[in-house]
Amino acid sequence: MSRADDPQQTYREFTEAVNMRPGELSSWLQTAESKQVGSHEGGRSGGGESVGHSSGRRIVDLLRRKRAELSAADYQHMRTVIGYVHRHLAQRPAGDVRDTKWRWSLMNWGHDPLR
C-alpha cells in the first residue's frame, strides 16, 4: 500500500491542511468573497459554482461525518484537498494577504493561511 492509499495518513494530512471548523467554513462559503474566487469547471468564470466552492461544501460534509462513514471517494477528495492546499501555499504572494483572492481561495478549501 502506498502512502497515498493509507487512510490514516490521508486523514491526518487532511486534518492538518484543513484548519477551519465545519461551521466556520460553512459560514465563509456564504460570503460574497467566497463566491467570487476560483476557477469553474470547463474554464468558465463567473458562471455557476467554482471548483473550490463546491469542494468547500464537500469538506464541511467530510468534517461532520465519523471516520467509519468515509468512503474511498471521500479519501480521494481528501487527497485532492491536501494537494491543492500545499500547491496554493507555495504560491503565497508578498505582503499582507488578509484581503486577497489568494487567501479567499484557500479558505474555500478549508485552510486559512493567517492561522
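Here's what I pulled together on the structure shown here. (Residues numbered from 1 in each chain as written. Predicted model: local features only at pLDDT ≥ 70, side-chain atom pairs only at ≥ 80, totals over all residues. Heavy atoms only, no water.)

Looking at the packing of aromatic side chains
Argument step 1. If you walk through the whole model with that rule in mind, you get one aromatic pair.
Argument step 2. Ring centres 4.3 Å apart and planes at 15° place the aromatic pair Y84 and W109 in the stacked group. Of this pair, Y84 sits in helix α5 (residues 72-89) while W109 sits in the segment after α6 (101-108), and the two are 25 residues apart along the sequence.
Argument step 3. Note on Y84: relative accessible area 15%, which makes it buried.
Argument step 4. The residue whose ring lies beneath R67 is Y11, and the NZ or CZ to ring-centre distance is 3.9 Å. (Phe/Tyr/Trp six-rings, centres within 6.5 Å; stacked < 30°, edge-to-face > 60°. Helix = DSSP H or I, 4+ residues; strand = E, 2+ residues; numbered from the N terminus. Buried < 20%, exposed > 50% of the residue type's maximum accessible area, 1.4 Å probe, protein only. Lys NZ or Arg CZ within 6 Å of the ring centre and 35° of its normal.)

Re α6
Argument step 1. Burial within α6 is extensive, with seven of its eight residues counted as buried.
Argument step 2. By the burial criterion, the buried members of α6 are W102, R103, W104, S105, L106, M107 and N108.
Argument step 3. One or two steps after α6, the chain reaches G110, where phi turns positive at roughly 90°.

What about the pattern of salt bridges?
Argument step 1. A complete count under the given rule lists eight salt bridges for this structure.
Argument step 2. Linking R115 and E24 is a salt bridge whose minimum nitrogen-to-oxygen distance equals 2.0 Å. Of the two residues, R115 sits in the segment after α6 while E24 sits in helix α2 (residues 22-28), which places them 91 residues apart along the sequence.
Argument step 3. Between D61 and R65 there is a salt bridge; the shortest N-O distance is 2.8 Å.
Argument step 4. Classification of R65 as partly exposed rests on a relative accessible area of 24%.
Argument step 5. One network of salt bridges, with partners in common, ties together R58, D61, R65 and D74. (Salt bridge = Lys/Arg side-chain N within 4 Å of Asp/Glu carboxyl O.)

A closer look at the side chain of H77
Argument step 1. Locating H77 in the fold gives a position in helix α5.
Argument step 2. Ignoring anything within four residues of it in the chain, the contact list for H77 reads S55, R58, I59 and L62. (Contact = heavy atoms within 4.5 Å.)

Considerations on the environment of V81
Argument step 1. When you line up the elements, V81 lands in helix α5.
Argument step 2. Residue V81 is classed as buried on the basis of its relative accessible area, which comes to 0%.
Argument step 3. Here the alpha-carbon distance between V81 and L114, two residues 33 residues apart in the chain, equals 18 Å.

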